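Read off the chains here:
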Amino acid sequence: MTTYEIMKEVIHERRSVRRYEDRQVTAEDVKELIDCARYAPSDTNSQTWEFIAILNREWIARIEQLTWDALHKRAEQAEAQGLAKEARLLVKSFGPYATAFSNAPALIICLASPYTSKFRERIFDPIGLVPSTVWDEEGIKSSCLAIQNLMLAAHARGLASCPMTGPVLLADQQIKDMLDIPEDRQVNMVLALGYPSDTPAKLPRKPVEDILRIIE
Ligand SMILES: Cc1cc2nc3c(=O)[nH]c(=O)nc-3n(C[C@H](O)[C@H](O)[C@H](O)COP(=O)(O)O)c2cc1C
């Protein structure tokens, strides 16, 4: 197989996996994956990514619990606003989706650190090029690329993952408090990681013609 064929197979065969074997992921595995993650490109090589790897099932269960707690609280609020149907859907449909990491032996909290650069310091900030929220997005963009590297490397090593924002949408601050994450870090995604116990179906994608415009 050519390098391209191998690469294409890795990309096409990766899945978001939510059921895992009862087999531990080691710190060595995680270090190897982060070595791949950190070679993602980033704006001015700012490397706006950090990772917290949780290999302790009790800690993972605590994050699951605080996600459910936050979700139930939001459901109660929605119900109090007369949105009973939405509250029910939040618990029944979104709850399991947002806590799909519960069976994983490892959880990687993927952070985006503040974007700083000489460009920003010397030019962009003095002239107010863009609102400051744009710089938060800049950090997230590079962080996402690192996460994709991580997921592809995991798949190539026989591991599986599931990128998740569900817990972040519900319990961002609670996760930060529990893990002592500084306020200037953004929790980008939570990545479940482990050895897969099933291979979910390949979900369809939009046709290339529908998402590509070529200007020749
Ligand atoms: C930004 C983002 C957020 C996601 N959040 C969740 C989540 O909260 N829970 C979950 O089970 N999957 C989550 N996923 C996984 C998607 O459901 C999955 O990538 C999509 O259905 C396509 O399936 P595939 O990854 O197996 O190709 C998320 C994926 C992305 C990229």
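Just so it is clear, the model here is predicted, and its values are computed rather than measured.

*Asks:* Looking at this structure, how should I read the site of the ligand?
*Replies:* Close to the ligand lie 13 residues; Ser16, Arg18, Tyr97, Pro163 and Arg205 are nearest. Between Ser16 and the ligand, the recorded distance is 2.6 Å, taken from a side-chain N or O atom to an oxygen atom. Between Tyr97 and the ligand, the recorded distance is 2.7 Å, taken from a side-chain N or O atom to an oxygen atom. When the ligand is considered free in solution it has 620 Å² of accessible area, and contact with the protein chains removes 74% of it. Grouping the amino acids of the shell around the ligand by side-chain chemistry returns 6 nonpolar, 3 polar and 4 charged.

*Asks:* I keep staring at the environment of Met164 and nothing clicks. Help me out?
*Replies:* You can see Met164 is positioned in strand 3 (residues 160-164). Spatially, the C-alpha atoms of Met164 and Ala192 are 7.6 Å apart, while their sequence positions differ by 28 residues. Setting aside residues up to four positions removed in sequence, Met164 forms contacts with Tyr97, Ala98, Thr99, Ala100, Phe101, Met189 and Val190.

*Asks:* What exactly am I supposed to notice about the nonpolar core here?
*Replies:* Nonpolar side chains in soluble globular proteins tend to be buried together. Counting residues in hydrophobic clusters, the biggest one holds 29 residues, and the most contacted among them are Ile63, Leu107, Ile109 and Leu179. Mapped by element, the contributors of at least two residues to this core are helix 3 (57-80), strand 2 (106-112), strand 3, helix 7 (166-179) and strand 4 (186-194). Residues within four places of Ile109 in sequence aside, it is in contact with Glu50, Phe51, Ile52, Ile54, Ile63, Leu179, Ile181, Val187, Met189 and Val190. Within the second largest apolar cluster, 21 residues are counted, among which are Val25, Ile147, Leu159 and Met189.

*Asks:* Is there a simple way to explain the pattern of salt bridges in this structure?
*Replies:* When the charged atoms of two side chains with opposite charge come close together, those side chains can pair. The full count for this structure, using the stated rule, is 10 salt bridges. A salt bridge links Glu13 to Arg15, with the shortest nitrogen-to-oxygen separation between them at 3.8 Å. Using a relative accessible area of 36% as the deciding quantity, one classes Glu13 as partly exposed. Its relative accessible area of 12% is what places Arg15 among the buried residues. Across the salt bridge formed by Asp22 and Arg57, the nearest N and O atoms sit 3.3 Å from each other. Taken together, the residues span a long stretch of sequence, with Asp22 in the loop between helix 1 (3-13) and helix 2 (27-37) and Arg57 in helix 3 at a distance of 35 residues. When its relative accessible area of 74% is taken as the criterion, Asp22 is described as exposed. With relative accessibility at 35%, the residue Arg57 sits in the partly exposed group. Via salt bridges that share partners, Glu50, Asp184 and Arg185 belong to a single interconnected network.

*Asks:* Quick question: what am I supposed to make of the packing of helix 3 against helix 4 (residues 84-98) here?
*Replies:* The description of two helices packed together rests on the angle between their axes and the distance between the axes. Following both chains from N to C, one finds helix 3 and helix 4 inclined at 165 degrees, their axes separated by 8 Å at the closest point. As far as their axial angle goes, helix 4 and helix 3 are roughly antiparallel. In the packing of helix 3 onto helix 4, the handedness of the crossing is right-handed. Between helix 3 and helix 4, the contacting residues are Thr67, Trp68, Leu71, His72, Arg74, Ala75, Ala78 and Glu79 on the first element and Ala84, Ala87, Leu90, Val91, Phe94, Gly95, Pro96 and Ala98 on the second. Looking at the contact of helix 3 with helix 4 residue by residue, the classes come out as 11 nonpolar, 3 polar and 2 charged.

*Asks:* Which parts of the structure should I look at to understand the pairing of strand 4?
*Replies:* The side chains of a regular strand alternate between both faces of the sheet. With 8 of 9 residues buried, strand 4 is to be regarded as a mostly interior element. For strand 2 and strand 4, the ladder comprises 7 bridges, and the chain directions are antiparallel. Its bridge partner lying in strand 4, Leu111 is registered against Val187. Alignment of strand 3 against strand 4, held across 5 bridges, turns out to be antiparallel. When the sheet's bridge partners are listed, Pro163 is paired in strand 4 with Leu191.

The rules behind these values
Residues numbered from 1 in each chain as written. Predicted model: local features only at pLDDT ≥ 70, side-chain atom pairs only at ≥ 80, totals over all residues. Heavy atoms only, no water. Near = heavy atom within 4 Å. Polar contact = N/O pair within 3.5 Å; in protein donor to acceptor, adjacent residues only side chain to side chain. Areas by Shrake-Rupley, 256 points an atom, 1.4 Å probe, with all protein chains shown as cover. Nonpolar A, V, L, I, M, F, W, Y, C, P; charged D, E, K, R; others polar. Helix = DSSP H or I, 4+ residues; strand = E, 2+ residues; numbered from the N terminus. Contact = heavy atoms within 4.5 Å. Core = buried A, V, L, I, M, F, W, Y, C linked by side-chain atoms within 4.5 Å. Buried < 20%, exposed > 50% of the residue type's maximum accessible area, 1.4 Å probe, protein only. Salt bridge = Lys/Arg side-chain N within 4 Å of Asp/Glu carboxyl O. Axes fitted to C-alpha atoms, helices over the stretch in contact; angles between N-to-C directions. Parallel < 35°, antiparallel > 145°, perpendicular 65-115°, else oblique. Left-handed = near helix turned anticlockwise from the far one by under 90°. Pairing = 2+ DSSP bridges.

Read these as spatial facts, not as claims about activity.
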